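Summary of the model geometry
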Amino acid sequence: MSFRPLHDRVLVRRIDAEEKTAGGIIIPDTAKEKPIQGEVIAVGAGSKNDKGEIQKLDVKVGDVILFGKWSGTEVKIDGQDLLIMKESDILGVLEGASASSKKAA
């Protein structure tokens, strides 16, 4: 199944937090907080400005972003837990980061 967000919405996959602390202590699932980092999977076309022109989004597919702890709506698409959020819920883009390098680190 394919999903395309509308307007200024973004589809995001959370990037899992570290399983251990820097000192090597393993964090149990019950003590973990939801990750506030994610990878942009799909973006909408943009929102209309006052003149009726479409304003493109600042984020693009593949960007690694930071967002608020309670941002977005959780959905399950093709068995994956994803988030749909407005671009305004995104706090910033991590420049020079890729989701695959964040998982491996």
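Above: the structure in question.
Since the model is a prediction, treat every value here as computed from it, not as a measurement.

Quick look at the nonpolar core
Judged by nonpolar contacts, Val10, Val12, Val40, Leu57, Val59, Ile65, Phe67, Leu83, Met85 and Ile90 together constitute the single largest core of 10 residues. When residues of this core are traced back to their parent elements, those giving at least two are β1 (9-14), β5 (64-67) and β7 (80-86). Of all hydrophobic cores here, the second largest spans five residues; its members include Leu11, Ala42, Leu82 and Ile84.

Points about the sheet that holds strand β2 (residues 37-43)
With respect to topology, six strands assemble into an open sheet ordered β6-β7-β1-β2-β5-β8, the strand pairing being antiparallel. At either margin of the open sheet sits one strand with a lone partner, and together these are β6 (73-77) and β8 (90-93). Each strand of the sheet is rotated relative to its neighbour by a mean of 45°, with strand direction disregarded. Across three bridges, the pairing between β5 and β8 is antiparallel. In the sheet register, Phe67 faces β8, and the bridge partner there is Ile90.

Observations regarding the pairing of β7
Walk down a regular strand and you will see the side chains alternate between the two sheet faces. Across four bridges, β1 lies against β7 in antiparallel orientation. Opposite Val12, over in β7, you have Leu83 as the bridge partner. Adjacent in sequence and paired antiparallel, β6 and β7 are bridged by two residues, among which Asp78 carries a positive phi angle near 50°.

A closer look at the pattern of salt bridges
Enumeration according to the criterion identifies five salt bridges in this entry. In this structure, Arg14 and Glu74 form a salt bridge, with 3.4 Å as the shortest nitrogen-oxygen distance. With Arg14 in strand β1 and Glu74 in strand β6, this residue pair connects regions lying 60 residues apart in the sequence. Residue classification places Arg14 among the buried residues on the basis of a relative accessible area of 17%. Taking the shortest distance from any N to any O, the salt bridge between Lys60 and Asp63 comes out at 3.1 Å. Lys60 sits in the exposed class, given a relative accessible area of 53%.

What to know about the pairing of β1
Relative to β2, β1 runs antiparallel, the two being bridged by five bridges. When the bridges of β2 are listed, Leu11 appears paired with Ala42.

Quick word on the environment of Arg14
Taking the C-alpha atoms as reference points, Arg14 and Ile36, separated by 22 residues in sequence, lie 7.3 Å from one another. A polar contact of 3.4 Å, which involves the side chain of Arg14, links it to the side chain of Glu74.

Reading the values: the criteria
- Residues numbered from 1 in each chain as written.
- Predicted model: local features only at pLDDT ≥ 70, side-chain atom pairs only at ≥ 80, totals over all residues.
- Heavy atoms only, no water.
- Core = buried A, V, L, I, M, F, W, Y, C linked by side-chain atoms within 4.5 Å.
- Buried < 20%, exposed > 50% of the residue type's maximum accessible area, 1.4 Å probe, protein only.
- Helix = DSSP H or I, 4+ residues; strand = E, 2+ residues; numbered from the N terminus.
- Pairing = 2+ DSSP bridges.
- Axes fitted to C-alpha atoms, helices over the stretch in contact; angles between N-to-C directions.
- Salt bridge = Lys/Arg side-chain N within 4 Å of Asp/Glu carboxyl O.
- Polar contact = N/O pair within 3.5 Å; in protein donor to acceptor, adjacent residues only side chain to side chain.

All quantities given are derived from atomic positions and should not be read as evidence of function.
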